[in-house]
Amino acid sequence: MKAIVFSEDGEIASQMVNYLKGKAEVIASTLTEEKEKCIRAGAEKLYLLSGIAEPENISEAISEIKNATGADYIFIGSTANGRDIAGILSAKEDMKPISEITSFEINDGKATVTRFLYGGKAVSTEETSATLYVYAPGISESARAESDTPTETIQLKEPSVKPESEEPKTSGGVDLEKAKIIVSVGRGLGSKEGLGIAEELAKKVNGEIAGSRPVCLDYHWLSEDRQVGLSGKKVKPKVYIALGISGQIQHIAGIRGAKTVIAINKDKSAPIFEECDYGIVGDLFQIVPKLISAL
Amino acid sequence: MQLFSALLIAGLAISAASFIYTLYSIFWNAVKIPEKPYRIKASIGRRAYITIRNVLLQGKLFKERSGGIMHALMFWGFIAFGAYSATFFARGIDPSFQLIPPGEIKNVIFLTVDVFALVVLIDVFYAFLRRWVIKIPRYQGYNGFEAAFILFLIATLMITYYALGILRIDGVSRNIPGAIMESIPSSYTPVTVFFAGLFPKATGPLSVDLYWTLYTIHALDFLIFLVYIPRSKHLHLVAAPLNVILSKDRQPAQLSTIDFDHETRFGATDIRDFSWKDYLDFYSCTECGRCTFNCPAYLTGKTLSPRDIIWDLREVVLAEGPELRSKGMDHKDQILKPVIGDTISETDLWSCTTCMACVEQCPVMIDHVDKIVNMRRSLVLNQGKAPKGTLETYNNMEMYGSPWVADPSTRGDWAKDLGVNILSESGNDDFEILYWVGCVSSYDRRNQEIAKSVVKILQKAGIKFAILGSEEKCTGDPAKRTGNEYLAENLARVNIDTLNKHKVHRVITGCPHCFNSLKNDYSEMGFKAEVIHHTEFINQLISSGKISIAATQNDKEEKFTYHDSCYLGRYNKIYEPPREIIGHVSDNYEEMSMNKSKGLCCGAGGGRLWMDETVGTKISHKRIGMASDINASTVVTACPYCMIMLDDARRVTGLEDKMKLSDISEFVASRLTD
Amino acid sequence: MQYIDGGSVGYNIAVLIKVIPDLEQIKAASGTGQIQIEKVPLRLDILSEHAIEAAVQLKEKYGGKVTGFIFGNNESIPLMKKAYAMGVDEGLVITGYKENNPTLTASVISEKLKSLQFDIIVLGNQSADTYTGLLPGMIASKINARLIGNVLSIEIEGKEVKARKSLEKKIEVVKAQMPVVISVTQETNQPRLPPVMQIMAAGRKTIQSEEYKGQTPSYTLTKSRVAPKSERKKQIFEKPEDGIQAVVRVIKEEAR
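Cut-offs used in this document
- Residues numbered from 1 in each chain as written.
- Chains lettered and ligands numbered in written order.
- Predicted model: local features only at pLDDT ≥ 70, side-chain atom pairs only at ≥ 80, totals over all residues.
- Contact = placed C-beta atoms within 7 Å.
- Helix = DSSP H or I, 4+ residues; strand = E, 2+ residues; numbered from the N terminus.
- Nonpolar A, V, L, I, M, F, W, Y, C, P; charged D, E, K, R; others polar.
- Axes fitted to C-alpha atoms, helices over the stretch in contact; angles between N-to-C directions.
- Parallel < 35°, antiparallel > 145°, perpendicular 65-115°, else oblique.
- Left-handed = near helix turned anticlockwise from the far one by under 90°.
- Domains from an automatic or database assignment.
- Pairing = 2+ DSSP bridges.
- Expected span 1.5 Å × (residues − 1).
- Buried ≥ 20, exposed ≤ 12 C-beta atoms within 10 Å, placed from the backbone.
- Arc of directions from axis to C-beta.
- Right-handed = clockwise from strand over helix to strand, strands pointing away.

## Some words on the interface of chain C and chain B
One frequently used descriptor of interface size is the decrease in accessible area upon assembly of the parts. On the chain B side, the residues contacting the 12 residues of chain C number 18 residues. Top element by residues in the side of chain C that touches chain B is helix α5 (residues 196-204) of chain C. It accounts for 3 residues. Its residues assigned to classes, the side of chain C that touches chain B comprises 6 nonpolar, 2 polar and 4 charged.

If you want it as structure tokens, here you go:
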């Protein structure tokens, strides 16, 4: 089996190479400017797409690679543009698609994938004859091989959708949805000054800081894009540390995807203790410093 | 003297014409412009009662004592003085006319006049002090000129009365035709006699000239007063008594219904979308500011001011009314401008907690809240505009029958292990009383403790009860009070069908918002059942001996206070039962600085629970501060909304360790004895 | 720019609407953990509501007509009313949807779109139930339209569409000629609360429906569909010292 992986984010492309190595002969592709992130991923070959890149001409280039290499599978990293590319490719190349896979196994030419459905409420295991897969970033580490991969550059055609300009994202680069560890704070913090201790913990565990609705929207201790919950971000970190969060329904809805939830709260009857894996009853201002030093 | 009679007749005619014409144009507005109906029943007994209480006895004014006494004395003084004025003009026109035949009755009437004129004079001085020396905050910035002018007219009227009286005592007017009070013995005018003693006796022709000068001033003063009344805030002299007599025969918070099949303009967008009674409300306002200075939003730094809402609407009516009258009703669409936006800001409309403190305080029975909700209706029903949080609650109420996202099938889960008859599962209609749990106590874990406590109490008292479980839906209150009458009505219909299906005759509920909906809103839609709030019910259980409670060991160190829920207190006048219950356990009880009918809202009503509160201090923080001021160690409430707000305030303001918060049901359930 | 409904000039806009089971009410069977969606009430996917809002806003700003399409089943038909209330002018529900198969959905919808000559086709960028996210590309490709995905805002000038695309690390402003397929995100707008008059008018409006009678070829076989993890561990420590120890262990393990 031969698979092409593509992502306009070299890091994700590299993750995919790593994930598929051993399962398939992997041909990587990404944009020229992402070359460095992918060159040592250990793919058979690395195609670099050069020029103004839009989903439309990227998908054409991937078609070219497919023709050139005779690959039977394509994996696209799930990003805003990635999903568009996958859609176009699926229609153009008449390949059956599967979205947002979180695992991929192949036995005797039969692929088995898992993916989340229904807002993270279900994990679906499916046997499929699909040939186009959209890969959910973060299920594998990026690869690190000894030597550079041989590269070939493909000049992208002029797209009919023309980029005019770019704006930076105002969110300040917070990517809660992809954070591995989140330290989240609630009203129990008492005041904005209390944030210091939470930030210290976040720094220690290399996590992102987030907050409940009142903290972000009512008190503005944190910016709005750090709000976790039904009306905010739905997060799926490996560890979610809830400090002084009582655990209202809306908040819980945002952390269903978290693997492990740790809660620290003074109030023994706080609902968060029904929705956590590990809970510590007590004053967070006493517990968190101890936690930081123990780490 | 015929010249004087003629001048007096002419003056009176001109003033009366002006008075009547101004009133006509004002009442033309009220009759012709508004298109919304105002339902009213005769209820003569009740109307007679409130007229005596709130007009003649000035009942509602005494909610603020000093201002109330001042106004009441002025009012009574004016009525008494009416006898003098009437006689003054009657004899001025026809010197031989006897309005009141001489005798003891007449003497007593004029004794009252003589005394009250002094009272009024002192009152005027006090009013002056209040506004310009003491500087009572609620007056500041409001129509100082009008007030000064009116006080000047009143003072002049009283001073000329005494001056004329002194001349009478001195015998100056004895032989002047049309002079009044000549037959009253001086012993019946002690105040005038006292003043006369302060001045040298007036004699000679100059004193007659002085008489006529004072006479003219007095007459002119009165005539100017007549012209001025309907053009100023003193229009309330005419409008307010009418407003009281014609006030709602239902609970003032009760909102008008909407006929969705026929109406096409919902709520109040411009001045045509009010009722004639709303106009009477506008005309009755004197900008006294009692409403605003009891408004939780205003008191915590928001820009909402119920006084300004009423006064601004009045200004629009008085500006657009004459234009409509001159151009004709066909030009309605061009002349009438939306009142929401430039006149009244959307922010202000959404700041209202519908707590009814303004309505409760208003001496002339203006309904501020229903105007605010009607304007909210305009935004929500015509334009689909509401704060983001509110729009979310609408979606949730539609999808889940709860303002929150919550799986309806889990509504009764909290009761699963408590041996409760959950009707959605059991289908067993054999129960005496239905316990209506409400969304907050069904889904919010902290508030589930309230539900569990109620269950414990009911079971202890051996009452056969049931809950609806997943068949219960939000009563619609958060939708109704934010103006989404359409959604509220749909939810009400579904709930009424459910209640009727289970043949419910008695309902108890722990949520004052549900309570008010079930009791007042639903009954208007045909739901006939006895609806009781758990505070009353539990209190009855205690007084009838079905359950008993005793103080715990810790109670000796506790200091209690009770926070009034608006929907229980001002809406439904339930103030005493919770206090009586606490009284069974402890004497160490103190009221917070605003309590009972003046109780400060927690900030959650009117759908505010689901909106952001970013301007000023949080209402809940102010309230918890009041509990902290009296060093209360346990605040008792009787409303899940209050529980959410105050619990949050308690945590955020660092009072978590010092102050406990308990629903009255929890208070009782944890102190039950065998 | 075309003539629509007897003379008025405007854009012919399509909005693709997905009906999904309400995620909040999906539960796992106790014991097996199998996910049950049979009795779960249906609703419009929230992203479809954003798409409807975007389409209606375009109509209100630039003139034209919005036609809504649902590929669903008989139960989906009444849900078109919400789209009407929000301002969709006409709606077609194609029944006969059997299971999640983006290829089939794309071809069924594209067939319809092709015959009706739309200038702009709006849809959500990813559905809330299956997260597919492939339809925008598939449909653009099948009907030979330009694709502008994940937009935050849209402007039109003549036949040209200018939009701000929300990418992971930046916002890209692009231009393209009609016909275009535009996918919207949750940040694009706030779906409106329909005014009551429109809700009631929507109730009286007819909804066209037709049945898709073709095959639903299956290329996947679902082996299991279970709740990822039914319950949290709920180990609560009332002695902070013990708790800290346990928590440190977990964090170290997970943060490797």
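## Things to note about the packing of helix α4 (residues 104-133) of chain B against helix α6 (residues 190-198) of chain B
Residues and elements named next belong to chain B. Running from N to C, α4 and α6 cross one another at 65°; their axes reach a closest spacing of 7 Å. Taking contact as the criterion, the partners of Asp114, Val115, Ala117 and Leu118 in α4 are, on α6, Pro190, Val191 and Thr192. In terms of residue class, the contact of α4 with α6 is built from 5 nonpolar, 1 polar and 1 charged.

## Some points on the packing of helix α5 (residues 144-169) of chain B against helix α7 (residues 204-228) of chain B
All names here are of chain B. Contact pair α5 / α7: the axes reach a minimum separation of 9 Å and the direction vectors enclose 150°. One finds that α5 runs roughly antiparallel with respect to α7. The interaxial crossing formed by α5 with α7 has left-handed handedness. Packed against α5, whose contacting residues are Leu153, Thr156, Leu157, Thr160, Tyr161, Ala163, Leu164 and Leu167, the element α7 presents Ser207, Leu210, Tyr211, Leu214, Tyr215, Ile217, His218, Asp221, Phe222, Ile224 and Phe225 at the interface. Of the residues that constitute the contact of α5 with α7, the class distribution is 14 nonpolar, 4 polar and 1 charged.

## A word on the domain arrangement of chain B
You can read the domains of chain B as domain 1 (2-19 + 64-231), domain 2 (33-41 + 235-385) and domain 3 (451-463 + 476-674). Computed over C-alpha atoms, the centres of domain 1 of chain B and domain 3 of chain B are 53 Å apart.

## Quick word on the interface of chain C and chain A
The partner chain A presents 67 residues to the 64 residues of chain C that form the contact. Of all the secondary structure elements, the ones that give two or more residues to the side of chain C that touches chain A are α3 (102-116), α4 (135-143), β10 (146-157), β12 (170-177), β15 (220-226), β16 (235-237) and α6 (240-254) of chain C. Of the residues that constitute the side of chain C that touches chain A, the class distribution is 34 nonpolar, 15 polar and 15 charged. For strand β7 (residues 122-128) of chain A and β15 of chain C, the ladder comprises 6 bridges, and the chain directions are antiparallel.

## Thoughts on α6 of chain C
Quick reminder: α-helices carry 3.6 residues per turn. Residues three or four places apart thus point the same way. In this model, α6 of chain C (15 residues) spans 21 Å end to end at C-alpha, consistent with the 21 Å of a helix rising 1.5 Å per residue. Taken together, the buried positions of α6 of chain C are Gly243, Ile244, Val247, Val250 and Ile251 of chain C. Down the axis of α6 of chain C, the smallest arc covering the buried residues is 135°, so these residues share one side. The outward face of α6 of chain C, more than 90 degrees from its buried face, is lined by the exposed residues Glu241, Asp242, Arg249, Lys252 and Glu253 of chain C. In this structure, the buried residues of α6 of chain C make contact with α5 (195-205), β13 (239-243), β14 (260-265), β15 (278-281) and α8 (284-294) of chain A together with β16 of chain C.

## Thoughts on the sheet that holds strand β1 (residues 421-422) of chain B
Whether parallel or antiparallel, the strands of a sheet pair through hydrogen bonds between backbone atoms. Residues and elements named next belong to chain B. Strand order in the open sheet made by the 5 strands is β1-β3-β2-β4-β5, with parallel pairing throughout. At either margin of the open sheet sits one strand with a lone partner, and together these are β1 and β5 (530-533). As defined by bridge partners, β1 adjoins strand β3 (residues 465-467) across 2 bridges and the pair is classed as parallel. Bridging across to β3, Ile422 finds its partner in Ile467. Of the strands in this sheet, β2 (433-436), β4 (506-509) and β5 are in contact with helix α22 (residues 512-524), which crosses β5 at around 165°. Against the sheet, helix α23 (residues 534-543) engages β4 and β5, with an angle of about 85° to β5.

## A few points about the pairing of β5 of chain B
Consecutive side chains along a regular strand alternate between the two faces of the sheet. Residues and elements named next belong to chain B. Judged by which residues are buried, β5 turns out to be one-sided: Val531 and His533 face inward and are buried, whereas Glu530 and Ile532, on the alternate face, are not. Both β4 and β5 contribute to a ladder of 4 bridges, which runs parallel. Across the sheet, Arg506 pairs through a bridge with Glu530, a residue of β5. Regarding the hand of the β-α-β motif, the stretch spanning β4, α22 and β5 is right-handed.

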